[in-house]
Amino acid sequence: MIAAGGAIALAGNAAALDVKGKSTFSRSGVVTIAAGATSNAAAPVAVAGGLTAASHVLATMQTTTATNIGVKSATPNAGTGKITITLTAAAPAGGIVVAWFVFG
């Protein structure tokens, strides 16, 4: 947070954000895609503050699997304010945990 009247770095002048240590974000989290499912379409992730047409989602698997599975897409829906994450194949027994982060 920058206090009122504080300086804000402009592009090329300095870092816009410099975090040392842990940080938290209100528009990030994890979701488990159930065993046998290829997405969380039945229960899309609701994003705090909603989404806009300019929202982008970064999603990465947090579960190691013996099979070749990955995140195919993380699709934001500005109308519902929810994210649907799709895998390249069905999740194995125990499911797949996917971390997600919204920017923009």
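The rules behind the values
For every chain, the first residue of its written sequence is number 1, and the numbers climb from 1 along that sequence. Two thresholds apply to this predicted model, a pLDDT of at least 70 for residue-level local features and 80 or more for giving and counting side-chain atom pairs, whereas whole-chain, interface and lining totals are computed over all residues. Values reported for side chains reflect all heavy atoms of the structure, with hydrogen atoms and water molecules removed beforehand. Pairing of aromatic rings covers Phe, Tyr and the six-membered ring of Trp, with a centre-to-centre limit of 6.5 Å; geometry is then stacked below 30 degrees between planes, edge-to-face above 60, and tilted otherwise. The helix and strand labels rest on DSSP assignments: H or I over at least four residues marks a helix, E over at least two residues marks a strand, and numbering proceeds from the N terminus. By the convention used here, strands pair only if DSSP detects at least 2 bridges between them. For salt bridges, the criterion is a side-chain nitrogen of Lys or Arg within 4 Å of an Asp or Glu carboxyl oxygen. Relative accessible area decides the class of each residue, using a 1.4 Å probe on protein chains only: under 20% of the type maximum gives buried, over 50% gives exposed, and in between gives partly exposed. Here, residues are in contact when the closest pair of their heavy atoms is within 4.5 Å. In plain words, nonpolar cores are sets of buried Ala, Val, Leu, Ile, Met, Phe, Trp, Tyr and Cys residues tied together by side-chain atoms within 4.5 Å.

## Let's talk about the packing of aromatic side chains
Consideration 1: This model, assessed by the stated rule, comprises one aromatic pair.
Consideration 2: Look at phenylalanine 25 and phenylalanine 101: their rings are 5.0 Å apart centre to centre, the planes differ by 85 degrees, and that puts the pair in the edge-to-face class. Residue phenylalanine 25 is located in the segment before strand 1 (28-33), and its partner phenylalanine 101 is located in strand 6 (residues 96-103); the two are separated by 76 residues in the primary sequence.

## So, the pairing of strand 6
Consideration 1: As paired strands, strand 1 and strand 6 are joined by six bridges and run antiparallel to one another. If you follow threonine 32 over to strand 6, its bridge partner there is valine 97.
Consideration 2: In the sheet, strand 3 (residues 56-61) pairs with strand 6 via six bridges, with the strands oriented antiparallel. Pairing of methionine 61 across the sheet is with valine 98, part of strand 6.

## So, the pattern of salt bridges
Consideration 1: Under the counting rule described, the total for this entry stands at one salt bridge.
Consideration 2: A salt bridge links lysine 20 to aspartate 18; the nearest nitrogen and oxygen atoms lie 2.8 Å apart. Of the two residues examined, lysine 20 and aspartate 18, each falls in the exposed class.

## Notes on the side chain of asparagine 40
Consideration 1: When you line up the elements, asparagine 40 lands in the loop between strand 1 and strand 2 (45-46).
Consideration 2: Dropping the residues within four chain positions of it, asparagine 40 is found in contact with Val31, Ile33, Val45, Ile83, Thr84 and Ile85.

## Quick look at the nonpolar core
Consideration 1: Within the largest apolar cluster, 17 residues are counted, with the highest numbers of intra-cluster contacts made by Ile83, Ile85, Leu87, Val98, Trp100 and Val102.
Consideration 2: Going through the elements one at a time, strand 1, strand 3, strand 5 (82-87) and strand 6 are the ones with two or more residues in this core.
Consideration 3: Sorting elements by how many residues they give to this core places strand 6 first, with four residues.

## Some remarks on the environment of proline 44
Consideration 1: Tracing the sequence through the fold places proline 44 in the loop between strand 1 and strand 2.
Consideration 2: Relative accessible area serves as the criterion here: at 29%, proline 44 is assigned to the partly exposed category.
Consideration 3: For the pair proline 44 and glycine 81, spaced 37 residues apart in sequence, the C-alpha separation works out to 9.4 Å.
Consideration 4: Sequence-distant contacts of proline 44, that is, excluding residues within four places in its chain, are made with Lys82, Ile83 and Thr84.

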